[in-house]
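For reference, the chains in residue letters:
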Amino acid sequence: MYSQGLIGADGSSEETQEFLDAFQARIDAEEKIEPTDPMPEGYRRTLVRQIGQHAHSEIVGMLPEGNWITRAPSLKRKLALLAKVQDEGGHGLYLYSAAETLGVTREQMTEELLDGSAKYSSIFNYPTLSWADMGAVGWLVDGAAIMNQIPLCRCSYGPYARAMIRVCAEESFHQRQGYEIMLTLCKGTEAQKEMAQDALNRLWWPCLMMFGPHDGDSAHSEQSMKWKIKRFSNDALRDKFISATVRQAEFLGLTVPDPDLKWDDSLNDGKGGYRHGEIDWTEFWRVVKGDGVMNVERIAMRKAAWDDGAWVREAAMAFAEKEKQRTAKVAA
Ligand code: 3HC
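Residues numbered from 1 in each chain as written. Predicted model: local features only at pLDDT ≥ 70, side-chain atom pairs only at ≥ 80, totals over all residues. Heavy atoms only, no water.

Digging into the packing of helix H8 (residues 190–209) against helix H10 (residues 234–252)
And step 1. The interhelical angle for the contact between H8 and H10, taken along N-to-C directions, is 175 degrees, at an axis separation of 12 Å. The angle between the axes of H8 and H10 places the two elements in the roughly antiparallel class. Of the residues in H10, those in contact with Lys193, Trp204, Cys207, Leu208 and Met209 of H8 are Arg238, Phe241, Ile242, Thr245, Val246 and Leu252.
And step 2. In the contact of H8 with H10, the residues fall into eight nonpolar, one polar and two charged. (Axes fitted to C-alpha atoms, helices over the stretch in contact; angles between N-to-C directions. Helix = DSSP H or I, 4+ residues; strand = E, 2+ residues; numbered from the N terminus. Parallel < 35°, antiparallel > 145°, perpendicular 65-115°, else oblique. Contact = heavy atoms within 4.5 Å. Nonpolar A, V, L, I, M, F, W, Y, C, P; charged D, E, K, R; others polar.)

Here you go:
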């Protein structure tokens, strides 16, 4: 499926200044850009990259929690976790579909994920070691995802923005189910509370990294914000997340593992905000470049799932072909 009318996308149209200015004027007027509208090739490529990475994150993001479905402590917990993991699969599918409106196929994107040339969120290359991690992932990872994704509901590209509305509603349920697991553990025995604190200790910093590099090192932010793909910078969203989450940790009676974290009244034009300790960017880039604890295993599992599902795709295609022939025969 290749969208028609993409200026520059087929190499046959010129991106004149007049064209670029007219496109920017549509963005500035908050018009939604739709698949068949003319768009600069850079805009299309940025969206394919970002939506593709986002879709891969949802799909790989099923693995750390999927790992705990058979070990959930009760039927109720198992049902909620199962539903949550299925939701993430659904999010991946909406997002692959949104990317397909820009002239790439899901097969191409999957190939790039499996051959290591496409990125997915760094957070999913950390292991989930205890049941408390199911609480912390829902609370923190989905909490960070919501913070990042709510502004994407206003993204200038229509199909991405519309997909994000349903995704955000579901992420909100995920965040609550995670927080409720943490609350239960924190009201439980000393050992359960320690388990919750341990999960927070391990996942806090990787969650801050989810928002991407510091604004000064973010290669794409400036242009993406101009095109209203991103509405807030990586650092601004990270700070919002910290402000919301520190209070939730206090309510749980847990300690955020950052000795340098402190409230500063002077931040945000006098509204106040948290100053936090230095993020270990060496670790972030190491994980992004493929050297996290779980990178190899996550991709191996995705590859096995893709290979094991080949017969289902082939059967569906064969059935679709038969249906087509049957319809053609009836019509003849
Ligand atoms: N993990 C891996 N790579 C990351 C990253 C991260 N956390 N943050 C940034 N990067 C990469 C970028 O992809 C980019 O690499 P590239 O040039 O090779 O594509 C590079 O680092 C520079 O970063 P930029 O800030 O310039 O990149 P972006 O402008 O694309 O911003 C982003 C990064 C904020 C993560 C943005 O891509 C974004 O908003 N993505 C959509 C949201 C998303 O993917 N969220 C993950 C959610 S997972 C989820 O919801 C499942 C969960 O609910 C279980």
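That covers the picture; the talk isn't over yet.
Overview of the site of the ligand
And step 1. Around the ligand, a shell composed of 32 residues is seen, among which Gln53, Lys119, Ser218, His220 and Lys230 lie nearest.
And step 2. Here Gln149 contributes a side-chain N or O atom positioned 3.3 Å from an oxygen atom of the ligand.
And step 3. Contact between the ligand and Ala219: an oxygen atom at 2.9 Å from a main-chain N or O atom of the residue.
And step 4. In the complex, the protein chains occlude 91% of the 1000 Å² of accessible area that the ligand would expose alone. (Near = heavy atom within 4 Å. Polar contact = N/O pair within 3.5 Å; in protein donor to acceptor, adjacent residues only side chain to side chain. Areas by Shrake-Rupley, 256 points an atom, 1.4 Å probe, with all protein chains shown as cover.)

Structural notes on the side chain of Ser218
And step 1. As for its placement among the helices and strands, Ser218 is situated in the loop between H8 and helix H9 (221–226).
And step 2. In contact with Ser218, not counting residues within four places along its chain, are Pro213, Lys230 and Asn234.

Quick look at the confidence of the model for the protein chain
Should pLDDT be low for a region, the predicted coordinates there are not to be read in detail.
And step 1. With 96% of its residues at a pLDDT of 70 or more, the protein chain shows a mean pLDDT of 95.
And step 2. Confidence over residues 1–12 falls short of pLDDT 50; this stretch has 33 contacts with residues more than four positions distant or in other chains. (pLDDT = per-residue confidence, 0-100.)

Observations concerning the environment of Arg44
And step 1. Residue position: Arg44 is located in helix H2 (residues 41–60).
And step 2. Residue classification places Arg44 among the buried residues on the basis of a relative accessible area of 9%.
And step 3. Residues Arg44 and Tyr126 lie 82 residues apart in sequence; the distance between their C-alpha atoms is 31 Å. (Buried < 20%, exposed > 50% of the residue type's maximum accessible area, 1.4 Å probe, protein only.)

Looking at the nonpolar core
Grouped burial of nonpolar side chains is what soluble globular proteins tend to show.
And step 1. By size, the foremost hydrophobic cluster in this structure holds 52 residues, and its most contacted members are Trp139, Leu140, Trp204, Phe241 and Leu254.
And step 2. Where this core is concerned, the elements lending two or more residues are helix H4 (75–100), helix H6 (132–149), helix H7 (158–186), H8, H10 and helix H11 (281–288).
And step 3. The contact partners of Leu254, leaving out residues within four places of it in the chain, are Trp139, Met182, Cys186, Lys193, Ala196, Gln197, Leu200 and Ala249.
And step 4. Counting 28 residues, the second largest nonpolar core, distinct from the first, contains Tyr43, Val104, Cys155 and Met164. (Core = buried A, V, L, I, M, F, W, Y, C linked by side-chain atoms within 4.5 Å.)

Observations regarding the pattern of salt bridges
And step 1. Evaluated as defined, the whole model comprises 19 salt bridges.
And step 2. The closest approach of N and O atoms between Glu30 and Lys228, which form a salt bridge, is 3.1 Å. Residue Glu30 is located in the loop between helix H1 (17–28) and H2, and its partner Lys228 is located in the loop between H9 and H10; the two are separated by 198 residues in the primary sequence.
And step 3. Here Glu30 falls in the partly exposed class, since its relative accessible area comes to 42%.
And step 4. For Lys228, a relative accessible area of 18% puts it in the buried group.
And step 5. The structure contains a network of salt bridges with shared partners spanning Glu65, Lys84, Glu88 and Asp142. (Salt bridge = Lys/Arg side-chain N within 4 Å of Asp/Glu carboxyl O.)

Quick word on H11
And step 1. Taken together, the buried positions of H11 are Trp281, Phe284 and Val287. Seen end-on, H11 carries its buried residues on one side only, within an arc spanning 125 degrees.
And step 2. Packed against the buried residues of H11 are H8, H10 and helix H12 (295–308).
And step 3. Looking at the residues trailing H11, positive phi occurs at Gly290, about 110 degrees. (Arc of directions from axis to C-beta.)

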